[in-house]
Amino acid sequence: GLGAQLQGHRIEIVGDGPERPGLERQAGRLGLDVSFVGAQPPAAVAARMGSAAIVAVPSRTPEGLGLVALEGMAAGALVVATATGGLGAIVDDGRTGFLAAPGDASASAGALRRAVRTLARPDVAVTMRKAAEQSVAEHDIGRVTAISLDDYRALIRKAHQ
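An account of the accompanying structure is given in this report.

As summarised here, the arrangement of the three strands in space is S3-S4-S5, forming an open sheet in which the pairing is parallel. Each edge of the sheet is formed by a strand with only one pairing partner; in this case those strands are strand S3 (54-57) and strand S5 (98-100). Neighbour to neighbour, the strand axes of the sheet diverge by 15 degrees on average, direction disregarded. Across three bridges, strand S4 (residues 78-82) lies against S5 in parallel orientation.

What follows is the structure, encoded as structure tokens:
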């Protein structure tokens, strides 16, 4: 199972919520090396992402943009996310990361397994990271702002015709 595949890997859970006690118990039962670090300031989260091989974003409710996934991609991590809201638009399953249906623990475990297997294939991981970098560049604030301004200018011109 997934627990066996994660043996020997260090896992950090950043953030906090009502599921934490149950997750702590489950990690203990599986004998996994899991650190629950709780809520962290943005700089600390960015530093942790910078050293992560995989960033998981298991959102159950729709994300507007999926900023955490973009930050994980920008940091060079493989991203595993749920296909909800903006996450489904940002993460292209098998190309820029891995997707699972929200609320489907089995699908999420499968996506995480795929990410772990990808780490064992450096050529595939490099290709995925490059595709993810391109996706991040497409969402760059300067680029998005320029496109938005161009769109508004076109609408204004059209309105004055």
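There is more to say after this.
In this section: the side chain of Ser-135. Topologically, Ser-135 is positioned in helix H7 (residues 122-138). Classification of Ser-135 as buried rests on a relative accessible area of 6%. With residues up to four places along the chain from it excluded, the contact list for Ser-135 reads Leu-70, Met-73, Ile-90 and Thr-96.

Turning to helix H6 (residues 105-119), a few remarks are in order. Here H6 spans 21 Å end to end across 15 residues, near enough to the 21 Å set by a 1.5 Å rise per residue. Taken together, the buried positions of H6 are Ala-109, Ala-111, Ala-115, Val-116 and Thr-118. Structurally, the start of H6 carries an N-cap: the backbone nitrogen of Ser-106 is 3.2 Å from a side-chain oxygen of Asp-104.

Conventions and cut-offs
Residues numbered from 1 in each chain as written. Predicted model: local features only at pLDDT ≥ 70, side-chain atom pairs only at ≥ 80, totals over all residues. Heavy atoms only, no water. Pairing = 2+ DSSP bridges. Helix = DSSP H or I, 4+ residues; strand = E, 2+ residues; numbered from the N terminus. Axes fitted to C-alpha atoms, helices over the stretch in contact; angles between N-to-C directions. Buried < 20%, exposed > 50% of the residue type's maximum accessible area, 1.4 Å probe, protein only. Contact = heavy atoms within 4.5 Å. Expected span 1.5 Å × (residues − 1). Polar contact = N/O pair within 3.5 Å; in protein donor to acceptor, adjacent residues only side chain to side chain.

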